[in-house]
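What follows is each chain in one-letter form.
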Amino acid sequence: MKKEIEEIYSKIKEEYSGEKAKEFTLAISRFHRIQVSPWFSESVKFCSSILKNTGINFKVYKLPSDGKKTYFTMNSFKEWVCKKGVLYLEEPFKKKIADFDEVKLRVIPRSGKAKGFYDVVYYDGGRKKNFKNKLILTSKREFVNEDFLQKVGAKGVLFFGMAEIENLRRVEDLMDALQYVSFWPEKKNKFFGFILSPLEGKYLKNLLVKNKVLKVYVEVKSEFMDGFIEVLDAWIKGKKDEEVWVVAHLCHPAPFVNDNASGAGCALELARSFKRLFNQEALKRPLRTIRFLLLPEMTGTYAYLKFRERDLDRVKGAINLDMVGEEQEKCKSTFNLIKEPYGIMSYASYLSQIIFEWAPFGYKNFYGTDFIPFFRKKVSEYSGGSDHYILIDPRIGVPCVMLGQWPDKFYHTSFDNEDKVSKNSLKFAGSFAGTFIYYLANLNNKKLYKLADKMNEMFLKGFAELKINEQGKAKEKLLYFSHMNALNSLKKFDRGFKSDRFLKKVEKYVDEKALNIVKRAKRDVPVRNFKAPLYMRALIKKMSRSEKVWLEEMLKKKRFLRHSIELFIYYIDGNRTLSEIMRMIEIETGRREDIFIKKFYNLLKKYGFLKTISLTNKC
């Protein structure tokens, strides 16, 4: 198995051009790729032209987005077009501050139209001021919110905040950068805003304090209309009526090179490399179709999965490429291979780790007996935040891992630009992703058993490293359950695969209590009334104001609660009780958040996203 993987990796690495991937990445970054906008369409056309010149089959799907159409629990939204956006200081003196024509990120995406003179009020929280018909100057992103602006009577916002990243990024480090924020209306938005740098915001704040008045002139020409969520779908045909996917989101403002022009550019070069390798017969044509999907993050994935809902059983695995191009020393980044959660782990997590470990990319040591990697890289526990979290949902059922880099000092700022991307990072990402997806595309019955043997070996190694304490013993059960699920997932390739044969080989090393999967009558078992992960805005839209404030404050205070929410929804399988689900989350995360989870569970139940049943027979 190792020899075969190394041969595949070597051939892809030899063909894959980091220079071309960087060229594609930089070209994509010049488009202002706001979801459901004419600029996103332009980026799709550019990527289509690359595929056409390479001779790869592709199709652009235009899925309705009008504020009414829904995809699972996700509501679509109107297309946004902005033709002009200028901000001038009028008092205490005249000065141009921001212009959309010069820097697209100056206008907060999805801003409404405006024209006129406005007084500015500084507000970063605390006692409310008179905001009626004024603009709010703020560094707090929670005030870039249509509901808040409606409540206080303001017309818009001038935002100059900068999100800090612990031990990496302070506001003082990026005083000249613009921090990405956005409005997210589903229909028309009557509010508007501009993004300023922290230095510009501090300057205006000081002017206001000194002169007691700050007046600006604003003109924003924008409109909302019925539009489309565009998905660029390219493929290299396989022999079987089955598929594997390379997914990369194409959206985000210009320039945003690493997030995520890098993922899209990496995927385009991988498609070109595969085409050439197959044409030259350096690699055999795949058994399964290899599909490349460039789409708007999250929303495009929801829409495309809904569109292809009947075909999902044919999809045998995927890799999500998000932020793969970082120049590590500048961005202070590390390659992260993100596994699936333990409770829903599949062969994809095992296979990707095998390749991640075996893929040599760097220098040989002094005697030439080993490789010293060019990069920092790490296999990471599950974390969401990108399209893979939708694909792996058990009711979607596409095994998927993510390759990305984190942290990134310039994440979601205008300084994520062309000098932050590395051709070597792109070459490694493309070579690794290509090896993973090609191996999956050709996984046959004979290879299944070799992979299962390696999975057992990896499980026992990880199992042996568990600390012998209460938490370690508790995790034994979760790890065994995870491994059992992963072996059973190989039946996606062969329904007759004998997973029990491999489980028996490891069971003798596992405590008897860990083998005892719950078998008792159950009551109050939650059942989902929705498919695909819950689109949080669908819930928030139904909640009362006090409930919204509670959820917002909790997620702001404890960012990791988003992780707990995702795991909670994944682990609702129509068999586990609420207490069993909470225990699984506690064991996996090391955190006990029962009070929050219970309240969140009650909200889902209250608004019709869940129901409860009683199981009287044995499970």
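For clarity, every value in this text was computed on a predicted model and none was experimentally measured.

**So, the overall build of the chain**
Then, number 1: Regarding its fold elements, the chain presents 20 helices and 21 strands.
Then, number 2: Compactness check: the chain gives a C-alpha radius of gyration of 25 Å against a globular reference of 25 Å for 619 residues, within 12% of the reference.
Then, number 3: Seen along its three principal axes, the alpha-carbon backbone of the chain occupies a region of about 80 × 60 × 50 Å.
Then, number 4: Put simply, the chain has 619 residues, and 59% of those count as buried.
Then, number 5: If you take every contact in the chain between residues at least 6 apart in sequence, the share linking residues at least 24 apart comes to 79%.

**Digging into the sheet that holds strand 5 (residues 95–99)**
Then, number 1: If you walk across this open sheet you meet the seven strands as 5-4-10-6-7-8-9, and the pairing is mixed. Each having just a single partner strand, strand 5 and strand 9 (192–195) make up the two edges of the open sheet. Geometrically, the sheet is characterised by an average inter-axis angle of 25° between neighbouring strands, direction not taken into account.
Then, number 2: Bridge count for strand 6 (residues 114–122) against strand 7 (residues 135–138) is three bridges, and the pairing is parallel. Within strand 7, the position partnered with Y122 by the bridge is L137.
Then, number 3: Each of strand 4 (79–91), strand 5, strand 6 and strand 7 touches helix 5 (residues 198–211); the most contacted strand, strand 6, lies at about 75° to it.

**A closer look at the nonpolar core**
Then, number 1: Among the nonpolar cores identified, the biggest contains 159 residues, and W245, F274, I319, F568 and F596 are the most heavily contacted of them.
Then, number 2: The residues touching F568, leaving out its near neighbours within four places in the chain, are L578, I581, I585, I597, F600, Y601, L604 and L610.
Then, number 3: Counting residues in each nonpolar core, the second largest holds 29 residues, with L89, Y118, F194 and F224 among its members.

**Observations concerning the sheet that holds strand 19 (residues 400–405)**
Then, number 1: The strand order 1-11-13-12-14-19-15-18 describes an open sheet built from eight strands, whose pairing is mixed. Of all the strands in the sheet, the pair left with one neighbour each is strand 1 (57–65) and strand 18 (377–380). For this sheet, the mean inter-axis angle between neighbouring strands, taken without regard to orientation, is 20°.
Then, number 2: Sheet topology places strand 11 (residues 227–236) next to strand 13 (residues 289–295); five bridges connect them, and they run antiparallel. Bridging across to strand 13, A234 finds its partner in F292.
Then, number 3: Helix 11 (residues 423–441) rests against strand 12 (243–249), strand 13, strand 14 (315–321), strand 15 (335–338), strand 18 and strand 19 of the sheet, and its axis sits at about 175° to strand 14.

**A word on the packing of aromatic side chains**
Describing an aromatic ring pair means giving the distance of the ring centres and the angle of the ring planes.
Then, number 1: What the rule picks out here adds up to 40 aromatic pairs.
Then, number 2: Look at Y123 and F131: their rings are 5.1 Å apart centre to centre, the planes differ by 70°, and that puts the pair in the edge-to-face class. Accessibility classification places Y123 together with F131 in one group, the buried group.
Then, number 3: Members of the aromatic cluster, each reached through a chain of ring pairs, are F335, F356, Y363, F374, F375, F428 and F432.

**Describing the pairing of strand 5**
Then, number 1: Pairing between strand 4 and strand 5: four bridges, direction antiparallel. Residue pairing for strand 5: L89 is matched across the bridge by K95.
Then, number 2: Between the end of strand 4 and the start of strand 5, which pair antiparallel, lie three residues.

**Digging into the pattern of salt bridges**
Then, number 1: What the rule picks out here adds up to 39 salt bridges.
Then, number 2: Between E223 and K83 there is a salt bridge whose closest N-O contact spans 3.7 Å. Of the two residues, E223 sits in strand 10 (residues 215–225) while K83 sits in strand 4, which places them 140 residues apart along the sequence.
Then, number 3: Overall, the relative accessible area of 36% leaves E223 in the partly exposed class.
Then, number 4: In this structure, K94 engages E90 in a salt bridge whose closest nitrogen and oxygen atoms are separated by 2.5 Å.
Then, number 5: Relative accessible area serves as the criterion here: at 65%, K94 is assigned to the exposed category.

**Regarding helix 17 (residues 545–557)**
Then, number 1: If you check helix 17, its first and last C-alpha atoms are 18 Å apart, about what 13 residues at 1.5 Å a residue would give, namely 18 Å.
Then, number 2: Every buried residue of helix 17 is accounted for by E547, W550, L551, M554 and L555. End-on view of helix 17: buried residues confined to an arc of 120°, all on one side of the axis. Set apart from the buried face of helix 17 by more than 90 degrees, the exposed residues are S546, E553, K556 and K557.
Then, number 3: Lining the buried residues of helix 17 we find helix 16 (536–540), helix 18 (561–570) and helix 20 (594–606).

**Considerations on the state of the cysteines**
Then, number 1: For the structure shown, the criterion picks out zero disulfides.
Then, number 2: In this model C47 remains outside any disulfide bridge; the closest cysteine sulfur is found in C251, 12 Å from its own.
Then, number 3: Free cysteine: C400, not disulfide-bonded; nearest cysteine sulfur from C266 at 14 Å.
Then, number 4: By relative accessible area, which is 1% here, C400 ends up buried.

**Some remarks on the environment of Y302**
Then, number 1: Examined against the element boundaries, Y302 turns out to sit in helix 7 (residues 299–307).
Then, number 2: Overall, the relative accessible area of 1% leaves Y302 in the buried class.
Then, number 3: As for Y302 and D387, which are separated by 85 residues in sequence, their C-alpha atoms are 8.9 Å apart.
Then, number 4: Residues within four places of Y302 in sequence aside, it is in contact with Y71, F72, M74, Y389, I390, A532, P533, L534 and Y535.

**Re the packing of helix 12 (residues 445–464) against helix 14 (residues 499–507)**
Then, number 1: Axis separation between helix 12 and helix 14 bottoms out at 10 Å; the angle between their running directions is 25°. Classified by the angle between their axes, helix 12 and helix 14 sit roughly parallel to one another. Between helix 12 and helix 14 lies a crossing of right-handed hand. Of the residues in helix 14, those touching helix 12 at Y449, A452, D453, N456, F459 and L460 are R501, F502, K505 and V506.
Then, number 2: Tallied by class, the residues present in the contact of helix 12 with helix 14 amount to six nonpolar, one polar and three charged.

Thresholds applied
- Residues numbered from 1 in each chain as written.
- Predicted model: local features only at pLDDT ≥ 70, side-chain atom pairs only at ≥ 80, totals over all residues.
- Heavy atoms only, no water.
- Helix = DSSP H or I, 4+ residues; strand = E, 2+ residues; numbered from the N terminus.
- Rg over C-alpha atoms; globule rule 2.2 N^0.38 Å.
- Buried < 20%, exposed > 50% of the residue type's maximum accessible area, 1.4 Å probe, protein only.
- Contact = heavy atoms within 4.5 Å.
- Pairing = 2+ DSSP bridges.
- Axes fitted to C-alpha atoms, helices over the stretch in contact; angles between N-to-C directions.
- Core = buried A, V, L, I, M, F, W, Y, C linked by side-chain atoms within 4.5 Å.
- Phe/Tyr/Trp six-rings, centres within 6.5 Å; stacked < 30°, edge-to-face > 60°.
- Salt bridge = Lys/Arg side-chain N within 4 Å of Asp/Glu carboxyl O.
- Expected span 1.5 Å × (residues − 1).
- Arc of directions from axis to C-beta.
- Disulfide = S-S within 2.5 Å.
- Parallel < 35°, antiparallel > 145°, perpendicular 65-115°, else oblique.
- Left-handed = near helix turned anticlockwise from the far one by under 90°.
- Nonpolar A, V, L, I, M, F, W, Y, C, P; charged D, E, K, R; others polar.

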